[in-house]
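Coordinates in review
Listed below, chain by chain, are the residues.
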Amino acid sequence: MKKKKHNYICDIIKALWAALGIMVFTGLSIACMVNCRYLFALVYAALDALYLFLIVRNLSIISIDEEKVEKRMMGKTVLSVRWDEIKDVGLINRKFIYFSKEEMTDDDRYFMCYEWPPKDKIYFRAGKGAVELVELLWNRREQLFVRYRSERFR
């Protein structure tokens, strides 16, 4: 029997904002080229490359199945964690679900929010049914889904 994978996009909202940035900087770069402002055109082209990286990072695919959670970027798996390796799963500000290999304290979660996005954790924007799926697949029922919203962010 084939295992069903559930795929989610890491952060579509940030990817759309980055796409808007690319359109703006590409337009500015073209305008500078037309007006012979080559140095400015080069700067805007470099900003295009930066925003392209942001699009690729935010359009990475998070695949969740019964065995593992993995993050794929441009078709390559960049981070994969089995369910038995996951020590902490949480919902940050009702927007993002994260998976951590380490046990996290409230201070750890606060600093993770402060330095968002985390580089060593898999995370994605919680979509329809994602919270219920993660709660169903994560086998540590006694620590079911730490819900964290810092008062410091209000």
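To be clear, the structure that these remarks concern was listed above.
Residues numbered from 1 in each chain as written. Predicted model: local features only at pLDDT ≥ 70, side-chain atom pairs only at ≥ 80, totals over all residues. Heavy atoms only, no water.

1. Comments concerning the packing of aromatic side chains
So the rule is basically this: Pairs were defined over the aromatic rings of Phe, Tyr and Trp, the Trp ring being its six-membered one, requiring ring centres within 6.5 Å. Orientation was assigned from the angle between planes: stacked under 30 degrees, edge-to-face over 60, tilted for the rest. Per the convention used, a helix needs a DSSP run of H or I reaching at least four residues, while a strand needs a run of E reaching at least two, with both numbered from the N terminus. Classification of residues uses two cut-offs on accessible area relative to the type maximum, computed with a 1.4 Å probe and protein chains only: under 20% is buried, over 50% is exposed, and between them is partly exposed.
The tally for this structure, following the rule as stated, stands at ten aromatic pairs. Residues Tyr8 and Phe124 carry aromatic rings whose centres are separated by 4.8 Å and whose planes lie at 20 degrees to one another, so their mutual orientation is stacked. Here the residue Tyr8 occupies a position in strand E1 (residues 6-9), and Phe124 occupies one in strand E7 (residues 122-125), the gap between them amounting to 116 residues. Across the pair, exposure class does not vary: Tyr8 and Phe124 are buried alike. Centre to centre, the rings of Phe96 and Trp116 are 5.1 Å apart; their planes meet at 45 degrees, and the pair counts as tilted. Placement of Phe96 in strand E6 (residues 96-100) and of Trp116 in the loop between helix H3 (106-114) and E7 is noted, with a sequence separation of 20 residues between them.

2. Focus on the pattern of salt bridges
Which entries qualify depends on this criterion: Salt bridge, as applied in this entry: a Lys or Arg side-chain nitrogen positioned within 4 Å of an Asp or Glu carboxyl oxygen.
In the structure shown here, the tally under the stated rule is eight salt bridges. Close ionic contact of Lys5 with Glu70 constitutes a salt bridge, the shortest N to O distance being 3.1 Å. You can see Lys5 sitting in the segment before E1 and its partner Glu70 sitting in strand E3 (residues 68-73), a full 65 residues away along the chain. Look at Lys5 and you get partly exposed, because its relative accessible area is 38%. With its nearest N and O atoms 3.7 Å apart, the salt bridge here joins Glu102 to Lys121. Here the residue Glu102 occupies a position in the loop between E6 and H3, and Lys121 occupies one in the loop between H3 and E7, the gap between them amounting to 19 residues. Overlapping salt bridges, with partners in common, bring together Lys5, Glu70 and Arg72 in one network.

3. Some thoughts on the pairing of strand E2 (residues 61-64)
Where we set the bar: The pairing criterion is simple: DSSP has to find at least two bridges between the two strands.
Where E1 and E2 come together, four bridges link them in antiparallel fashion. Along E2, the bridge assignment pairs Asn7 with Ser63. As judged from the four bridges shared by E2 and E3, these two strands associate in the antiparallel manner. Looking at E3, one finds that Ile62 is bridged to Lys71. Counting the residues in the hairpin turn of E2 and E3 gives three residues.

4. A short note on the side chain of Asp65
Selection criterion: Polar contact is defined as a pair of N or O atoms within 3.5 Å, subject to the rule that within protein one atom must be able to donate a hydrogen and the other to accept it, and that residues adjacent in sequence are counted only when both atoms are side-chain atoms. Two residues qualify as a contact provided that any one of their heavy atoms is within 4.5 Å of a heavy atom in the partner residue.
With respect to the helices, strands and loops of the structure, Asp65 is situated in the loop between E2 and E3. Looking at Asp65, its side chain comes within polar contact range of the main-chain nitrogen of Lys68, at 2.8 Å. Here Asp65 is in contact with Lys4, Lys5, Trp83 and Leu137, once residues within four sequence places are set aside.

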